[in-house]
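# Structure assessment
Residue strings, one per chain:
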Amino acid sequence: MNQLLQEKRDAEQFLRLIAPKYAGVYILDRTTDSFRDILAPEAFRTFVKENQGSYIKSMHLYRNQYVAKDYQNVIDQVLDYDYVYNVLASGNQVDVSYRKKDGTLIRLKISRYSDSDENLSVWVYTNEDSEDALYGELGEARYRIRFDDNEKPVEFISSESLSE
């Protein structure tokens, strides 16, 4: 019992360390449009409650409230389950990026959950403007963009300014 509690505490500590990079992680069942969240922001959980657990309906609310207009078509594309699961069935991953209204760059990778269940997929949203992403795999610097009220870019803020 003590070992299980320690493993749970270890897992929680690990999640706290990586949480800034991960904006959401979901296991989606396309046949029911339902999902399990491994990591989700409270705002999205509110959308889910309002939509009786529908992932598509919740994502439409998310798209309308948080995604910059020029990138909303990216969300629409991945909510076409036939498109997504055809890509997954061919042995590939779906890998797309979009910007939120505040300029944050979000990357979404969709993978098959397992070879035995073709209706399940894993959706991993990462914040590419987090410190880990800024100096991550390729070591390339990313930049954050500030948008005005009409969602037009007005200022490019270098990664050095993000931590100030």
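Below, the structure is looked at part by part.

Conventions adopted
- Residues numbered from 1 in each chain as written.
- Predicted model: local features only at pLDDT ≥ 70, side-chain atom pairs only at ≥ 80, totals over all residues.
- Heavy atoms only, no water.
- Salt bridge = Lys/Arg side-chain N within 4 Å of Asp/Glu carboxyl O.
- Helix = DSSP H or I, 4+ residues; strand = E, 2+ residues; numbered from the N terminus.
- Buried < 20%, exposed > 50% of the residue type's maximum accessible area, 1.4 Å probe, protein only.
- Expected span 1.5 Å × (residues − 1).
- Arc of directions from axis to C-beta.
- Polar contact = N/O pair within 3.5 Å; in protein donor to acceptor, adjacent residues only side chain to side chain.
- Pairing = 2+ DSSP bridges.
- Phe/Tyr/Trp six-rings, centres within 6.5 Å; stacked < 30°, edge-to-face > 60°.
- Axes fitted to C-alpha atoms, helices over the stretch in contact; angles between N-to-C directions.
- Contact = heavy atoms within 4.5 Å.

### Points about the pattern of salt bridges
It is possible for side chains of opposite charge to pair when their charged atoms get near one another. All told, the structure shown has four salt bridges when counted by the stated rule. The salt bridge involving Arg63 is made with Asp76; its shortest N-O contact spans 2.3 Å. A residue pair is termed long-range when its members are at least 10 positions apart, and Arg63 in helix H3 (residues 55–66) and Asp76 in helix H4 (residues 72–78) qualify at 13 residues. For Arg107, the salt bridge goes to Asp95, with nearest N and O atoms at 2.7 Å. Taken together, the positions of Arg107 in strand S4 (residues 105–112) and Asp95 in strand S3 (residues 94–99) put the pair 12 residues apart, joining distant regions of the chain. Arg107 gets classed as partly exposed once you look at its relative accessible area, which sits at 22%. Three or more residues are tied together by salt bridges with common partners; here these are Asp37, Glu42 and Arg45.

### Let's talk about H3
Its 12 residues place the ends of H3 16 Å apart at the C-alpha level, agreeing with the 16 Å of an ideal helix rising 1.5 Å per residue. Buried within H3 we find Tyr55, Ser58, Met59, Tyr62 and Arg63. Within H3, the buried residues cover an arc of 140° as seen down the axis, which keeps them to one side. At the N-terminal end of H3, a side-chain oxygen is found 3.2 Å from the backbone nitrogen of Lys57, two or three residues along, and the residue is Ser54.

### Examining the pairing of S4
Strand direction decides the pairing type here: S3 and S4, joined by six bridges, are antiparallel. Counterpart to Val96 in the pairing with S4 is Leu108. Between S3 and S4, which pair antiparallel and follow one another directly, the connecting turn spans five residues, one of which, Gly103, has a positive phi of 95°. Looking at chain direction, S4 and strand S5 (residues 120–127) are connected through seven bridges and run antiparallel. Its bridge partner being in S5, Ile106 is matched across the sheet by Asn127.

### Overview of the packing of aromatic side chains
Applying the stated criterion to the full structure yields 13 aromatic pairs. Where Tyr26 meets Phe44, the ring centres are 5.3 Å apart and the plane angle is 55°; that geometry is what we call tilted. Of this pair, Tyr26 sits in strand S1 (residues 22–29) while Phe44 sits in helix H2 (residues 42–50), placing them 18 residues apart in sequence. Taking relative accessible area as the criterion, Tyr26 reaches 4% and is therefore assigned buried.

### A short note on unusual backbone geometry
The residue Asp33 is not glycine, and still its phi comes out positive at about 55°. Mapping Asp33 onto the fold places it in the loop between S1 and strand S2 (34–39). Asp33 sits in the buried class, given a relative accessible area of 15%. Even without glycine at this site, Gln52 takes up a positive phi of about 50°.

### Digging into the sheet that holds S1
Sheets are built from strands that pair by backbone hydrogen bonding, the pairs being arranged parallel or antiparallel. What the five strands build is an open sheet, ordered S2-S1-S5-S4-S3; its pairing is antiparallel. Edge positions in the sheet fall to S2 and S3, since each of these pairs with one other strand and no more. Each strand of the sheet is rotated relative to its neighbour by a mean of 20°, with strand direction disregarded. Strands in contact with H3 are S1, S2, S3 and S5; relative to S5, the strand with the most contacts, it is inclined by about 15°.

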